[in-house]
Structures are given as structure tokens and as C-alpha cells.
Amino acid sequence: AMGCEDDIRTTATPEIVVEPTSLVFPGPEAGATVRTRSLNIRNTGQGNLLIASIRLTEDDPITEFFLRDADDWAGAVRTVPPESEVMVSVDWRVQDAQPDTGSLVIQHNAGDDVVVPLSTLDLDATMRVQTTPEGEAGENEITVTLANATPTVPQRSEIVISSESV
């Protein structure tokens, strides 16, 4: 009969696609201490995708991952209409030479939270050491101290060269 279509209700559901599925941060450019990586959150469904929150977690106590434009994601729900996308950027602010791992967690209305793994390089391998060895030659050993600075964290390493008498 005419008008039957009005009785049929289709539920328009959102679908979330996050690309890339993980963020790997290369080491900062020479002289810099920040690297930025971005991902896109796309709604491939028919209904509005509602992003309730985006948060970062880290696997060590030193905070090095920061959500760029974090105020845009705090407090208010962001709506992503069908066939639209938004970009999210994360800054890695280098505090030490240790590799870092963490997650970006997206809470939304299209299913379970999306967890995007974050990882950085171990900078020790690429740290260039410029130092003048200092030390005293003892009777059977010499101790050389190398002062190598990583961004914002001076570190000292000792090399002990000794000879064993037979």
C-alpha cells in the first residue's frame, strides 16, 4: 500500500576506521626534541560517529606522549558525520634515551574502544657522543669518564680499563 515505507525504520549506524593502526615515532631531527605522528578517524557507516574521548596511556612513569590540540578532545563529544574523517596528532617530547610505548585510546559509539599502539625508538643507538675523556692513570687501571648528554638529561658513563697481573 502507499505510504508503507514510512513505517520501516532503519537504524543508521556509524562505523569507525582508524588509519594507521599504530604510530611509530622516528627519532627527532637533529637539534629537535619533538616528533609528531598523526592518524585519521574515518566514519564509513551511515550514522553519526560520536567520539566521547581520546586519551593517551604510557607504559612508564615519564610522560612523553602528548595529544596535540588536547582541548578539542576534552569534555565535549565530537561528531564525525558519515563519510567524514578527523585527524588526531600525537607529539612525542623526548625526555630520555629509553624507548617508549603506550596507547591512544578512542572511546566512541560504534563499538569497543579502539586502541592504537604507540612506540618510539631507543635513542641510545643513535646518540652521538662528543666528549673529551678525563681520568687518572692508576697503577694497574685507568678510569675514563664520558659525559654524554641526551636531550635535557645529562648522563655519565665510566669505562674502566684494567690489566690483570699474571
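For the structure, check the block above.
Here the structure is a predicted model, which is why all the values come from computation and not from measurement.

> Describe in detail the packing of aromatic side chains, supporting the description with residues and values.
Inspection of every chain in the model, using the stated rule, returns 2 aromatic pairs. Centre to centre, the rings of phenylalanine 25 and phenylalanine 65 are 5.5 Å apart; their planes meet at 40 degrees, and the pair counts as tilted. Here phenylalanine 25, found in strand β2 (residues 23-25), pairs with phenylalanine 65, found in strand β5 (residues 65-67); they are 40 residues apart in sequence, far enough to count as distant. Take phenylalanine 25 and phenylalanine 65: they sit in the same class, and that class is buried. Here the aromatic rings of phenylalanine 25 and tryptophan 92 are separated by 6.3 Å at their centres, their planes lie at 65 degrees, and the arrangement is edge-to-face. Linking phenylalanine 25 in strand β2 with tryptophan 92 in strand β7 (residues 84-93), this pair joins segments that are 67 residues apart in sequence.

> Requested: an account of the nonpolar core, with residues and values cited.
By size, the foremost hydrophobic cluster in this structure holds 25 residues, and its most contacted members are Ile41, Ile51, Ile54, Leu104 and Ile106. Put simply, the parts of the chain that give this core at least two residues each are β1 (16-19), β2, β3 (34-43), β4 (49-58), β5, β7, β8 (101-108) and β9 (114-120). For this core, the element with the highest residue contribution is β7, accounting for 4 residues. Apart from residues no more than four positions distant in its own chain, leucine 104 is found in contact with Leu39, Ile54, Arg55, Leu56, Leu67, Val88, Val90, Val114, Val115, Val116 and Leu118.

> Quick one: what's the story with the sheet that holds β7, residue by residue and with numbers?
Read from one edge of the open sheet, 4 strands run β1-β3-β7-β5, paired in antiparallel fashion. The sheet is open, and its two borders are formed by β1 and β5, each paired with just one other strand. Looking at each pair of strands side by side, their axes are set apart by 25 degrees on average, direction ignored. Alignment of β5 against β7, held across 3 bridges, turns out to be antiparallel. Along β7, the bridge assignment pairs phenylalanine 65 with tryptophan 92.

Each value, and the rule that gives it
- Residues numbered from 1 in each chain as written.
- Predicted model: local features only at pLDDT ≥ 70, side-chain atom pairs only at ≥ 80, totals over all residues.
- Heavy atoms only, no water.
- Phe/Tyr/Trp six-rings, centres within 6.5 Å; stacked < 30°, edge-to-face > 60°.
- Helix = DSSP H or I, 4+ residues; strand = E, 2+ residues; numbered from the N terminus.
- Buried < 20%, exposed > 50% of the residue type's maximum accessible area, 1.4 Å probe, protein only.
- Core = buried A, V, L, I, M, F, W, Y, C linked by side-chain atoms within 4.5 Å.
- Contact = heavy atoms within 4.5 Å.
- Pairing = 2+ DSSP bridges.
- Axes fitted to C-alpha atoms, helices over the stretch in contact; angles between N-to-C directions.

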